[in-house]
Amino acid sequence: MKMLRRSAIAGVWFAMASGLVTAQPAVQVDASQVQGPRQLEEQTKTAAIRGYLKSWQSMSGAFEQNRIDLLDADFVGAAKEKMADTIGEQIKLGIQTRYQDRSHHIQFVFYSPEGLSIELIDQVEYDVQIIDHGKPISTVPTSARYIVVMTPSETQWSVRVMQADSPGNRSTGI
Amino acid sequence: MKAILTLLTAGLLLAKLQAAGGQEQTLNLPKSIEAGSAFSIEHSGGGEGTLYIIGPSQVLKRDVKAEGAVYFPARSLYDAGHYIVILTQASGTKSGSFDVAPISAPDKLSFFANPSRLPIGVKNGITGAVYVFDAYGNLITAPTAVSFELTSPTGGIQKDHATTSIGRAWTEMDSTSQQGSGKFVAQVGELKSERIIRQVPGDPCTLKMNAQQAGQQVQLQTEPVRDCSGNAIPDGTIVTFTETYAGGQSTVDVPLKRDVAQVKLPLHSGAKFTVASGVVLGNQIGWQK
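Residues numbered from 1 in each chain as written. Chains lettered and ligands numbered in written order. Predicted model: local features only at pLDDT ≥ 70, side-chain atom pairs only at ≥ 80, totals over all residues.

A. Spatial organisation of the overall build of chain B. Looking only at helices and strands, chain B features one helix and 23 strands. For a compact globule of 289 residues, the expected C-alpha radius of gyration is about 19 Å, and chain B comes in at 39 Å, more than 25% above that figure. Overall size of chain B, expressed as C-alpha extent along the three principal axes, is 140 × 40 × 35 Å. Taking all contacts inside chain B whose residues are at least 6 apart in sequence as the whole, residues at least 24 apart take part in 58%. (Helix = DSSP H or I, 4+ residues; strand = E, 2+ residues; numbered from the N terminus. Rg over C-alpha atoms; globule rule 2.2 N^0.38 Å. Contact = placed C-beta atoms within 7 Å.)

As structure tokens, then:
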């Protein structure tokens, strides 16, 4: 990489703006290690965070209700296709899953020079509840580091890649 | 003494009852597997039940016998990510988790290149970012070597090399000095992704016109208009001729046609003619009748 641009640390706690009754996750954002020659403007950062947090709500609703259409607003490309396939499988198996995010530690790591993609990593704490044929089976608290690639769509930043990372696969320093 | 013996007997009876009732429920999971590879989950105790493997990208459900291993053949689980495993049995529920890692062989590149059209000779004017995926569409997060190449219309090549960081790499390159279409290629091993970048002439380098009397008019004509690399400026580029004379000024915008622009203006004694295109100012001609 040609250069590493460090922007000011933005350790900002965001409260998700939504009308849902569910508990809001705690969100911490760090934009001090963004790589790439392009400056990540505050408005862009805010819009990307808003889009990403909203995507968790969409994902939760889509998996809980087994509705692929709920993914449309916030996911595109491979992320949307994979989740749509998962919902199809859930329907076949008679199960539902409920993802409840409790906290996010979002770190912006890349803003592509042409401005067409943002990559972030998110250390997220969340609960997953499994419901089989209407019967709650179990709720498992878990923690994972997600790698997320977002691209701009018509009116917002949408999630194109969302993939939990294996600890053994991580690059040094990240 | 009698009390101690009673307690010991009760303890032994309880241990026997537990042994008869079943072993401790165990669930042995791999820590991590490679996407698409075969794996197994071993369990013991607890009787028959159901095994769930849950992730946002895939879900699996299997009936399990009293104990043993549940085998998952290759390509059962191919989407990289973090998976939760839940085993439900009559005796209770056990859970755990494991990771599925991308395979290391790249299979697909997602290449963002910008812009698709730009003037020649722009430093760092062309940018590209590439994301590397495996055969299952998983982002390969392990460092991977990427090369970028921009080929000019005349065959000149600019190269850059990078190593991916968390699945992506990027570059900046200069647009070339020749107009025409250039190939912008990102390559990982034998895998290539190509974009066409159209490079067009820049602003005129110099602008020079000649004047010739034609009856009561003056015919003004530019010399062929080129950019600083000698490329012809595209037809349709506007050239502005201005005539300034005592008590007035006339301005005419003329599009370039076959590299030149020409116009006829009324002849005024003592007139001055100037020519310009964009930010480039050409020569000035004074005219005496």
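B. Representation of the packing of helix 1 (residues 42-65) of chain A against helix 2 (residues 77-93) of chain A in the model. All names here are of chain A. Direction vectors running N to C along helix 1 and helix 2 enclose 25°, while the axes themselves pass 9 Å from each other. Put simply, helix 1 runs roughly parallel to helix 2. Here Met 59, Ala 62 and Phe 63 of helix 1 lie close against helix 2, whose contacting residues are Met 83, Ile 87 and Gln 90. (Axes fitted to C-alpha atoms, helices over the stretch in contact; angles between N-to-C directions. Parallel < 35°, antiparallel > 145°, perpendicular 65-115°, else oblique.)

C. Spatial organisation of the pairing of strand 20 (residues 248-255) of chain B. Residues and elements named next belong to chain B. Counting buried positions over the eight residues of strand 20 gives zero, only a small fraction of the element. Judged from the eight bridges that link them, strand 19 (residues 238-245) and strand 20 form a sheet pairing that is antiparallel. Among the inter-strand pairings, Val 239 is bridged to a residue of strand 20, identified as Val 254. Remark: two residues form the turn of the hairpin made by strand 19 and strand 20, two consecutive strands paired antiparallel; Gly 247 in that turn has positive phi of roughly 85°. (Buried ≥ 20, exposed ≤ 12 C-beta atoms within 10 Å, placed from the backbone. Pairing = 2+ DSSP bridges.)

D. Up close: the sheet that holds strand 7 (residues 81-89) of chain B. All names here are of chain B. If you trace the five strands from one edge of the open sheet to the other, you get 2-8-7-4-5, paired in mixed fashion. Lying at the two open borders of the sheet, with one neighbouring strand each, are strand 2 (32-34) and strand 5 (59-64). Taken over all neighbouring pairs, the strand axes of this sheet differ in orientation by 25° on average, direction set aside. With six bridges connecting them, strand 4 (residues 49-54) and strand 7 associate as antiparallel partners. Directly across from Ile 53, in strand 7, lies its bridge partner Val 85.

E. Layout of the interface of chain A and chain B. Taken together, the contact between chain A and chain B spans 43 residues of the former and 38 residues of the latter. Going through the elements one at a time, helix 2, strand 3 (95-111), strand 4 (118-132), strand 5 (135-152) and strand 6 (157-164) of chain A are the ones with two or more residues in the side of chain A that touches chain B. Grouping the amino acids of the side of chain A that touches chain B by side-chain chemistry returns 23 nonpolar, 14 polar and six charged. (Nonpolar A, V, L, I, M, F, W, Y, C, P; charged D, E, K, R; others polar.)

F. Looking closely at the nonpolar core. Core analysis: the biggest nonpolar cluster contains 84 residues, and Val148(A) and Val85(B) have the highest contact counts within it. A per-element tally of this core places helix 1 of chain A first, with eight residues. When residues of this core are assigned to domains, at least three fall in each of domain 1 (22-101) and domain 2 (108-200) of chain B. Counting 15 residues, the second largest nonpolar core, distinct from the first, contains Ile233(B), Phe241(B), Leu256(B) and Ala261(B). (Core = buried A, V, L, I, M, F, W, Y, C linked by C-beta atoms within 7 Å. Domains from an automatic or database assignment.)

G. Representation of helix 1 of chain A in the model. The first and last C-alpha atoms of helix 1 of chain A sit 35 Å apart over 24 residues, in line with the 34 Å expected at 1.5 Å per residue. Phi for Asn66(A), located one or two positions after helix 1 of chain A, is positive at around 55°. (Expected span 1.5 Å × (residues − 1).)

H. View of the domain arrangement of chain B. All names here are of chain B. Its domain assignment divides chain B into domain 1 (22-101), domain 2 (108-200) and domain 3 (209-287). Computed over C-alpha atoms only, the centres of domain 2 and domain 3 are separated by 41 Å. At the junction of the two partners, domain 2 supplies six residues and domain 3 supplies four residues.

I. Looking closely at helix 2 of chain A. Compared with the 24 Å implied by 1.5 Å per residue over 17 residues, the 25 Å span of helix 2 of chain A between its first and last C-alpha is a close match. Among all positions of helix 2 of chain A, only Ala78(A), Ala79(A), Lys82(A), Met83(A), Thr86(A), Ile87(A) and Gln90(A) are buried. Summarising the contacts, the buried residues of helix 2 of chain A are in contact with helix 1, strand 3 and strand 6 of chain A together with strand 5 of chain B. Gly94(A) sits one or two positions beyond helix 2 of chain A and adopts a positive phi of about 75°.

J. Fine view of the environment of Ala38(B). Its place among the elements puts Ala38(B) in the loop between strand 2 and strand 3 (39-44). For the pair Ala38(B) and Pro73(B), spaced 35 residues apart in the sequence, the C-alpha separation amounts to 4.5 Å.

K. The arrangement of the sheet that holds strand 10 (residues 117-119) of chain B in detail. Residues and elements named next belong to chain B. Pairing is mixed across the open sheet formed by five strands, whose spatial order is 10-16-15-12-13. The sheet is open, and its two borders are formed by strand 10 and strand 13 (157-163), each paired with just one other strand. Pairs of neighbouring strands in the sheet enclose a mean axial angle of 25°, with direction left out of account.

L. Up close: unusual backbone geometry. The residue after Asn114(B), namely Pro115(B), is reached through a cis peptide bond having omega -5°. Along the chain, the position of Pro115(B) falls in the loop between strand 9 (108-114) and strand 10. Phi is positive for Asn66(A), close to 55°, though the residue is something other than glycine. Of note, Asn66(A) is situated in the loop between helix 1 and helix 2. A positive phi angle, close to 50°, is found at Ile166(B), a residue other than glycine. Structurally, Ile166(B) is set in the loop between strand 13 and strand 14 (168-173). According to the C-beta neighbour criterion, Ile166(B) is buried, with 23 such atoms within 10 Å.

M. The arrangement of the confidence of the model for chain A in detail. A residue-level look at chain A finds 82% of positions with pLDDT of 70 or above and a mean pLDDT of 86. Below pLDDT 50 for its whole length, residues 1-21 of chain A participates in 37 contacts with residues either more than four positions away or in separate chains. (pLDDT = per-residue confidence, 0-100.)

N. Up close: the pairing of strand 3 of chain A. Residue and element names in this part refer to chain A. Strand direction decides the pairing type here: strand 2 (residues 26-30) and strand 3, joined by five bridges, are parallel. Within the sheet, the bridge partner assigned to Gln 28 lies in strand 3 and is His 105. Sheet topology places strand 3 next to strand 4; 15 bridges connect them, and they run antiparallel. Counterpart to Tyr 99 in the pairing with strand 4 is Val 128.

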